[in-house]
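Listed below are the residues making up each chain.
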Amino acid sequence: MIELGLARVSRLLQQTPQPWRAIHVAGTNGKGSICAYLSAMLHASGVRCGRYNSPHLIDRWDCIAIDEQPVQESIFRKAEEVIMKRNQAKEIRASEFELLTATAFEVFAQEKVEMGVIEVGLGGRLDATNVVRNKAVTVISKIGLDHQSFLGNTIEEIAREKAGIMQPGVPCVVDKSNSPAIQKVIEDYANEIGTDVILSSTESSFLDELSLENFEPHQWENLACAYTAFHLAYVNLESPLHRLAPAIQGLNWPGRLQTLDIRSVTGRGELVLLDGAHNVQSAEALGAYVNSRLRKGANKVTWVLAASQGKDMVEILKPLLQQGDCVAAIEFGPVDGMPWIQAMPTTEILAAASSCGIDPAYVHDASLNLSDALRWGATVAQGGPLVIAGSLYLVSDVLRLLRNVQDSKNAILGI
C-alpha cells in the first residue's frame with residue numbers, strides 16, 4: 001500500500017545522522033537516468049557518493065549504491081535491522097518504502113558518504129525521500145501524466161507536487177524541455193518559498209566533448225539536467241571536467257534502451273532491446289527510437305510487453321505498435337518489498353494491442369511464463385527487431401531470469 005507523508009519516516013530517522021549533502025531528483029521521466037549521470041560524475045570527481053533509486057533492479061538492496069557499486073547485502077541487512085528494530089520499538093508502523101528509504105539513509109551514514117543522489121519514489125512533496133536534510137540542489141526532470149490518483153489529474157497539479165522537493169535558498173534545476181505551463185508552476189512555487197529556478201542548459205564545454213549522435217534527444221536533456229546540477233553542487237576548487245566525459249561514456253544504465261543477449265534462454269543470436277518505458281511520455285521516446293533505429297529494413301517489430309495495473313495501456317501502445325507487429329503479453333512476478341504493485345492481466349494488454357490494430361493472429365498470451373514469452377518472441381521475430389518493454393518490473397524479471405540461468409550453468413560447471 002502506498003502511504004504518502006513524512007511523519008513516520010521522520011521518526012524512523014531521528015537517530016540517523018545526515019551530514020552528507022544531497023541532490024534530490026523528482027520528475028515523471030528521466031529522474032533515474034539523471035541520478036545515474038550525477039553519481040557517475042561525482043564519483044569521477046573523487047567525491048564519495050551514495051545513490052538511492054527506486055524501484056530496485058534485481059535484488060532489493062541494489063537500489064542503494066556506494067561509489068557506483070551496489071551496496072553489499074551484508075551492509076544492507078545490518079542497516080535494515082537497525083531501522084526495523086526502531087520501527088518496532090517506537091510502534092511507527094512505517095510503510096515498506098519508508099523502511100527502505102530509512103535503510104538507505106542509514107547505509108549512507110555508516111558508509112560516510114560526502115554526497116547522496118536521491119531519486120524521489122512518487123511525487124515529491126510527501127514522498128518519503130523528502131526528509132533529506134542538507135539539500136545542495138534539487139532537480140525536476142520531464143513531467144507528464146502518471147500516478148494521477150495520488151498526484152492530481154492535471155499536469156499543473158502534478159508539477160506542484162513534484163515542486164514540493166524545493167527548499168528556500170536551494171537552487172532547483174528544471175528540464176528546459178518542460179512546457180511553459182509546467183515551468184510557470186515551478187517558478188511560482190520557487191517565488192513563494194524564496195529560491196531560484198535554473199533551466200538545464202546544453203551549452204557547456206563538457207557537453208561539447210560528447211557526440212550528440214550517441215544520445216537520444218531525451219537522454220541529452222537528462223544529461224543537461226545532471227550536468228547543470230553537478231555544476232551547482234560540486235564545490236571543490238579543482239576542475240574535474242577532464243574526468244567527466246569518460247565517466248558518462250562508460251555509463252551503462254540497465255533497462256533504458258539497453259541492448260541485451262537472451263541467447264541463453266531463447267537461442268536467438270541477435271541482441272534485443274530492453275526498456276522500462278511505462279507511461280505515455282516514455283513510450284513516445286521509445287517509439288521514436290524504435291522507428292528511427294530498428295524499423296529500417298524490417299517489416300515488423302516483435303514486442304514482449306507487461307504493465308502495472310491502472311495504466312492507460314492503449315495510450316502507451318499507440319506510439320509503439322504498428323500494423324504487422326507481433327505482441328506477447330506477460331505478467332511480471334511479485335515485487336520484493338512492494339506488495340502493493342500488481343501486474344496488469346495479459347488479457348487487458350492484448351485487448352489494448354487489438355485496439356491499436358494488431359492482428360489477433362500475431363499475439364501470444366504468455367500469462368506468468370516469461371521464458372515462454374521470450375521464446376515465442378524470438379521465434380516469430382525471425383532475427384528481426386525484438387523489444388521488451390512496458391514496465392521496470394518486467395525489466396527486473398528479465399535481468400533476474402538471465403542471471404539465474406547463468407548461475408545454474410556456473411553451478412553445473414563448478415565455477
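Just above, that's the structure.
Each chain has its residues counted from 1, running along the sequence as written. Reporting of local features is limited, given that this is a predicted model, to residues whose pLDDT is at least 70; pairs of side-chain atoms are given and counted only at 80 or more, and all residues count toward the totals for whole chains, interfaces and linings. Processing note: side-chain calculations cover all non-hydrogen atoms of the structure and skip hydrogens and water entirely.

(A) Layout of the sheet that holds strand E10 (residues 272-274). Reading across the sheet, the six strands line up as E9-E10-E14-E11-E12-E13 and stay open at both edges, with mixed pairing between neighbours. Each edge of the open sheet carries a strand with a single partner, namely strand E9 (258-260) and strand E13 (363-365). Taking each pair of neighbouring strands and ignoring which way they run, the sheet shows an average axis angle of 20°. Note on pairing: DSSP must find at least two bridges between two strands before they are called paired. Secondary structure is summarised from DSSP: a helix means a run of H or I of at least four residues, a strand means a run of E of at least two, and numbering begins at the N terminus for each. Both strand E11 (residues 302-305) and strand E14 (residues 386-389) contribute to a ladder of four bridges, which runs parallel. From the neighbouring strand, Thr 302 faces E14, where its bridge partner is Leu 386. In what follows, a contact means two residues having at least one pair of non-hydrogen atoms within 4.5 Å. Interaxial angles span 0 to 180 degrees and are taken between N-to-C directions of axes, which are lines fitted to C-alpha atoms, for helices over the stretch in contact. Packed on one face of the sheet, helix H12 (residues 280-294) meets E10, E11 and E14 and runs near 165° to E10.

(B) Structural context of the nonpolar core. With 33 residues, the main nonpolar core has Ile 23, Leu 38, Met 41, Phe 206, Leu 210 and Leu 223 as its most contacted residues. Counting only elements with at least two residues in this core, the list comes to strand E1 (21-26), helix H2 (31-44), strand E5 (115-119), strand E6 (135-140), helix H8 (205-208), helix H9 (217-233) and helix H10 (241-249). Considering every element that reaches this core, the biggest residue donor is H9, with nine residues. When sequence neighbours within four positions are dropped, the list of residues in contact with Leu 210 reads Phe 215, Trp 220, Leu 223, Ala 245, Ile 248 and Gln 249. Core analysis: the next-biggest nonpolar cluster, separate from the first, contains 32 residues, Ala 306, Val 395, Leu 401 and Val 405 among them. Working definition of a nonpolar core: buried Ala, Val, Leu, Ile, Met, Phe, Trp, Tyr and Cys residues. They are joined through side-chain atoms within 4.5 Å. Residue exposure (1.4 Å probe, protein chains only): buried if accessible area is under 20% of the type maximum, exposed if over 50%, otherwise partly exposed.

(C) Representation of the packing of helix H15 (residues 370-381) against helix H16 (residues 392-413) in the model. Running from amino to carboxyl end, H15 crosses H16 at an angle of 90°, the nearest separation of the two axes being 11 Å. On the basis of their axis angle, the class for H15 and H16 is roughly perpendicular. Residue-level inspection shows Leu 370, Ser 371 and Leu 374 of H15 in contact with H16, the latter providing Leu 394, Asp 397, Val 398 and Leu 401. Note that the term roughly parallel is reserved for angles under 35 degrees, roughly antiparallel for angles over 145, roughly perpendicular for angles of 65 to 115, and oblique for everything else.

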